Amino acid sequence: MDIVEKLICEHKLSKEEFALLIGLRQDPGVCERLQKEALRLRRQHFGNDVYIRGLIEFTNICKNDCRYCGIRKSNANLPRYRLSEDEILSCCEAGYGLGFRTFVLQGGEDAFFTDECLVPIIRQIKERYPDCAVTLSIGERSYYSYKALREAGADRYLLRHETADKEHYAKLHPKGMSLRHRVNCLLDLKNLGYQTGAGFMVGSPYQTDECLAEDLVFLAELQPEMVGIGPFIPHHDTEYADCPAGSVETTLFLLSVIRIMLPRVLLPATTALGTEAADGRERAMSYGANVVMPNLSPTDNQEMYKLYDGKIGVGDTAQESMNKLKEGLKAAGFNIVIERGDYPT
């Protein structure tokens, strides 16, 4: 049994085997076999359906100083903002009318948004839109904070681990942040019953094939309900401004590997992928992706929430973003559906 067949049959490999497989990513035969199986599994579990998530970037204030991130606290060139509760609810109202049944509240680690602040917002969304899911993507918090937000009605939580290699993690993050703490946060989220999302950047500075293999081993062990990966894209106000962007083709390759590893996983075609390739999100669907996350944020704020340079869709209204996505996905043979799009049990 070769390494591709072993992955298809067993849905996991050792770190050494994953590294060997990643080393074959430019082999057309290997890529075609993985893509074919990933698409088969996608269709088996989700047909040609694409789930949409309404992204609300409600604060670009962050206490952290991650070396790759455009909203890092030391970026003095970035105007900062916070959306009010009314502004967040207004985004939800507009999104609901467009067919969104999941709202993703994403922001930096902003101390202003305590549990006392967030709990009423989550409850308001769930009361107004009981048929909708609420996803949070607001970084590392305590177990008790995650518990309070879960009890308020939050359904899902996205927390990219960024890299499962300890040394690599230290090169991307400042002192005071640790891989162990981030992993503990993910375990807390799983234990509290969130549909939990992890993920990593493809082609980030100092990343090796062994780093990527470690990421895949970690995902196989964690068994998250969601995985978000996208190519690294540099931001001009960070120390990695001159580093090359990650590869679109490698990202697509890894999407297919993850779909085979985790056949029922919710797997986004990320905005970063669409930024690096005009048809990146549409192509991703044929490699196993089944989720897209258009922006519901006010157009005036979108320019200020740029984790990396060149982000697509900045300045587009939610309606404009939806129209573009629908057209591109329909041409690729996939259809947006009006559903919560939960992890299938």
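Attention in this report is confined to the structure presented alongside it.

Calculation criteria
- Residues numbered from 1 in each chain as written.
- Predicted model: local features only at pLDDT ≥ 70, side-chain atom pairs only at ≥ 80, totals over all residues.
- Heavy atoms only, no water.
- Helix = DSSP H or I, 4+ residues; strand = E, 2+ residues; numbered from the N terminus.
- Contact = heavy atoms within 4.5 Å.
- Buried < 20%, exposed > 50% of the residue type's maximum accessible area, 1.4 Å probe, protein only.
- Pairing = 2+ DSSP bridges.
- Right-handed = clockwise from strand over helix to strand, strands pointing away.
- Disulfide = S-S within 2.5 Å.
- Arc of directions from axis to C-beta.
- Axes fitted to C-alpha atoms, helices over the stretch in contact; angles between N-to-C directions.

## A short note on the environment of methionine 201
Part 1 of the argument: Residue position: methionine 201 is located in strand E6 (residues 195-202).
Part 2 of the argument: Expressed as a C-alpha distance, the spacing of methionine 201 and glycine 230, which sit 29 residues apart in the sequence, is 5.4 Å.
Part 3 of the argument: Residues in contact with methionine 201, not counting those within four places in the same chain, are Tyr68, Arg160, Glu162, Leu172, Gln207, Gly230 and Phe232.

## Let's talk about the pairing of E6
Part 1 of the argument: The element E6 is largely enclosed, with a buried count of eight among its eight residues.
Part 2 of the argument: Here three bridges tie strand E5 (residues 156-158) to E6, and the two strands are oriented parallel to one another. For tyrosine 157, the partnering residue across the bridge sits in E6 and is threonine 196.
Part 3 of the argument: Two strands pair when backbone bridges link them, and E6 and strand E7 (residues 226-231) are joined in this way by six bridges, in the parallel orientation. For valine 202, the partnering residue across the bridge sits in E7 and is proline 231.
Part 4 of the argument: Read as a crossover between parallel neighbours, the route from E6 over helix H9 (residues 209-222) to E7 is right-handed.

## Considerations on the state of the cysteines
Part 1 of the argument: Counted according to the given criterion, the structure contains zero disulfides.
Part 2 of the argument: Left unpaired, cysteine 185 is separated from the closest cysteine sulfur, that of cysteine 66, by 13 Å.
Part 3 of the argument: With no disulfide of its own, cysteine 211 lies 14 Å from the sulfur of cysteine 243, the closest cysteine sulfur.

## With respect to helix H6 (residues 143-152)
Part 1 of the argument: Those residues of H6 that fall on the buried side of the exposure criterion are Ser145, Tyr146, Leu149 and Ala152. When H6 is viewed along its axis, its buried side chains cluster within an angular range of 125 degrees and face the same direction. When the buried face of H6 is taken as reference, the exposed residues oriented beyond 90 degrees from it are Tyr144 and Glu151.
Part 2 of the argument: Buried residues belonging to H6 abut helix H5 (115-128), strand E4 (133-137), E5 and helix H8 (179-191).

## Observations regarding the sheet that holds strand E3 (residues 102-107)
Hydrogen bonds between backbone atoms are what pair the strands of a sheet, whose relative direction is either parallel or antiparallel.
Part 1 of the argument: Across the sheet, six strands lie side by side as E2-E3-E4-E5-E6-E7; this open sheet has parallel pairing. Each edge of the sheet is formed by a strand with only one pairing partner; in this case those strands are strand E2 (54-59) and E7. Across this sheet, the average inter-strand angle for adjacent strands is 20 degrees, counted without regard to direction.
Part 2 of the argument: Most of the contacts of H9 go to E6, to which it runs at about 175 degrees, and overall it touches E6 and E7.

## Details of the sheet that holds strand E9 (residues 335-337)
Part 1 of the argument: Pairing in this open sheet of three strands is parallel, and the strands run E8-E1-E9 from one edge to the other. Whereas interior strands pair on both sides, the edge strands pair on one side only; in this sheet they are strand E8 (291-292) and E9.
Part 2 of the argument: In the sheet, strand E1 (residues 49-52) pairs with E9 via three bridges, with the strands oriented parallel. Considered in E9, the bridge of tyrosine 51 is made with valine 337.
Part 3 of the argument: Contacting E1, E8 and E9, helix H14 (residues 318-331) runs over the sheet at an angle of about 130 degrees to E9.

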